[in-house]
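So you can see what is in the structure, the chains are spelled out below.
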Amino acid sequence: MEQNDLFARLEAMRKPVAVRQRLTLVFCVCGFAVAFLAVLSRMFPLFFVGFGLVIAGVVNTFASAKKTREYNNFYKNEFVRGMLARRIDNLVFEPENGISEQTVRDTRMMSLGNRYRSDDYVSGSYKGVRLEFSDVKIEDESTDSDGHSHTTVYFSGRWMIFDFNKAFSCALQVREKGFAYAKKTGGLFSSEDRMEKIELESEEFNRRFDVYAVSEHEGFYILTPQFMQAVSDLADITKGKMLLCFTGSKLHIAVNSGRNAFEPPVLKPIDPVQMRREITGELDGVIAFIDRLRLDRNIYKGE
């Protein structure tokens, strides 16, 4: 499909979705306002009017779900896929799927709560380095003694997996200070793989990151001064706290940004330049890890 036709089609699909969303907002705001005034003035019949407006907003949301889904799918399959294919070799893009919960669980370095969602799965290679990434959201929902539900967000952002250029003999974790709900492998009764906090030579790095390793020697071997500088540089430009997990021959990097990638605009008109810039920025954020950490170098192989 020609680019001009693509953007014209996207705009035509966006407009009715935007109208529906604005209508839902009007219904809900007006409904809550009427209900609140009804309670203050003790005009309780008016309360049901407000309640009815809120229900109308909810019904409108469900009624527009199909068009919203069609718009999102068209945007991702026709626009995002093409942008990804320009930068990533052997591309696999599955908007409805994501990195599995078991994959994250197998790192043994992240608390998982009781609710896990992931979508916008991408895999392929860049500069010969195998990569995977997707949006991930991890939450824990609990109910207190009064029956009130509480949801704690453990993680919301991008989870990335890269082939590293060596197989690690033991697990290693680098956690940016402020990254909550990460956990160390091992435990009280598993001393053979219990991770301990280690201090590196760089005091600046130690102030910014916590490093845990089963083997201190392995930690020093991987986290060279050049590698630590690259991690610090990436933390400077990354929107969100980082967690790096070295396990097996994989490097997992989680960025807790609180946002989803590859989502189309709804309330704003289609801007082709801005859309391309946003997707390019999302991709640059991923491949920067390969470029800055120099993952394409086979410096460890054969050792």
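Residues numbered from 1 in each chain as written. Predicted model: local features only at pLDDT ≥ 70, side-chain atom pairs only at ≥ 80, totals over all residues. Heavy atoms only, no water.

S.K.: Explain the sheet that holds strand β2 (residues 115–126) here, please?
M.R.: Whether parallel or antiparallel, the strands of a sheet pair through hydrogen bonds between backbone atoms. In space, the nine strands of this open sheet follow the order β1-β2-β3-β4-β9-β8-β5-β7-β6, with antiparallel pairing throughout. Each of the sheet's edge strands pairs with one partner strand only, and the pair in question is β1 (89–94) and β6 (196–198). Geometrically, the sheet is characterised by an average inter-axis angle of 20° between neighbouring strands, direction not taken into account. Alignment of β1 against β2, held across four bridges, turns out to be antiparallel. Within β2, the residue paired with Phe-93 across the bridge is Val-122. Running over the sheet, helix α3 (residues 65–85) touches β1 and β2 and is turned about 155° from β1. Those strands touched by helix α8 (residues 272–293) are β2, β3 (129–143), β4 (149–163), β8 (241–247) and β9 (250–256), and its axis lies near 55° from that of β4. (Pairing = 2+ DSSP bridges. Helix = DSSP H or I, 4+ residues; strand = E, 2+ residues; numbered from the N terminus. Axes fitted to C-alpha atoms, helices over the stretch in contact; angles between N-to-C directions. Contact = heavy atoms within 4.5 Å.)

S.K.: How should I be thinking about the packing of aromatic side chains in this particular structure?
M.R.: What the rule picks out here adds up to nine aromatic pairs. Measuring from ring centre to ring centre gives 4.5 Å for Phe-205 and Phe-209, while their planes differ by 25°; the resulting arrangement is stacked. Taken individually, Phe-205 and Phe-209 each receive the classification buried, so the pair is uniform in this respect. An aromatic cluster of at least three residues, connected via ring pairs, comprises Phe-7, Tyr-75 and Phe-79. For the cation-ring pair, Arg-9 lies above Phe-74, with the distance from its terminal atom to the ring centre recorded as 4.6 Å. When the ring centre of Phe-262 is taken as reference, the NZ or CZ atom of Arg-158 above it lies at 5.7 Å. (Phe/Tyr/Trp six-rings, centres within 6.5 Å; stacked < 30°, edge-to-face > 60°. Buried < 20%, exposed > 50% of the residue type's maximum accessible area, 1.4 Å probe, protein only. Lys NZ or Arg CZ within 6 Å of the ring centre and 35° of its normal.)

S.K.: Honestly, the pattern of salt bridges in this entry has me stumped. Any pointers?
M.R.: Opposite charge on two side chains allows them to pair when their charged atoms are near. As enumerated under the stated definition, the model contains 18 salt bridges in all. With a shortest N-O distance of 2.9 Å, Arg-105 and Glu-101 are connected by a salt bridge. Linking Arg-105 with Glu-101, this pair stays in helix α4 (residues 101–107), spanning four residues, or about one helical turn. Among the residues examined, Glu-101 registers a relative accessible area of 30% and is labelled partly exposed. With its nearest N and O atoms 2.6 Å apart, the salt bridge here joins Arg-259 to Glu-282. Note that Arg-259 is positioned in the loop between β9 and α8 and Glu-282 in helix α8, a separation of 23 residues in sequence. (Salt bridge = Lys/Arg side-chain N within 4 Å of Asp/Glu carboxyl O.)

S.K.: What am I meant to see in the packing of helix α1 (residues 3–41) against α3 here?
M.R.: Between two packed helices, the angle of one axis relative to the other and the distance separating the axes together describe the packing. Packing of α1 against α3 brings their axes to within 9 Å, and their N-to-C directions diverge by 160°. Between α1 and α3, the crossing angle belongs to the class labelled roughly antiparallel. Of the two possible hands of crossing, α1 and α3 adopt the one that is left-handed. Counted together, Leu-6, Phe-7, Arg-9, Leu-10, Met-13, Arg-14 and Val-17 of α1 and Lys-67, Thr-68, Glu-70, Tyr-71, Phe-74, Tyr-75, Glu-78 and Phe-79 of α3 form the full contact between these two elements. The residue makeup of the contact of α1 with α3, split by class, is nine nonpolar, one polar and five charged. (Parallel < 35°, antiparallel > 145°, perpendicular 65-115°, else oblique. Left-handed = near helix turned anticlockwise from the far one by under 90°. Nonpolar A, V, L, I, M, F, W, Y, C, P; charged D, E, K, R; others polar.)

S.K.: It is not clear to me how the pairing of β2 should be interpreted in this structure. Could you clarify?
M.R.: For a regular strand, side chains alternate in direction, first toward one face of the sheet and then toward the other. Most of β2 sits out of view: nine of its twelve residues are buried. Taken together, the ten bridges between β2 and β3 define a ladder with antiparallel strand orientation. Within β3, the residue paired with Tyr-126 across the bridge is Val-129. Here β2 folds back onto β3, and the loop between the two strands holds two residues, one of which, Lys-127, carries a positive phi near 55°.

S.K.: Got a minute to help me understand helix α2 (residues 44–63) in this structure?
M.R.: Counting along an α-helix, one turn takes 3.6 residues, and residues three or four places apart therefore face a common direction. The end-to-end C-alpha distance of α2 is 29 Å, a good match for the 28 Å that 20 residues give at a rise of 1.5 Å each. Residues of α2 that are buried sit in contact with α1. (Expected span 1.5 Å × (residues − 1).)

S.K.: I'm lost on unusual backbone geometry in this one. Help?
M.R.: A negative phi angle is the norm for most residues apart from glycine, just as the trans form is the norm for most peptide bonds. We note that Lys-127 has phi near 55°; this positive angle belongs to a residue other than glycine. Counting through the fold element by element, Lys-127 comes out in the loop between β2 and β3. Among the residues examined, Lys-127 registers a relative accessible area of 49% and is labelled partly exposed. The phi torsion at Phe-262 lies on the positive side, around 60°, for a residue other than glycine. Looking at where Phe-262 falls in the secondary structure, it is placed in the loop between β9 and α8. Looking at Phe-262, the relative accessible area reads 4%, which means it is buried.

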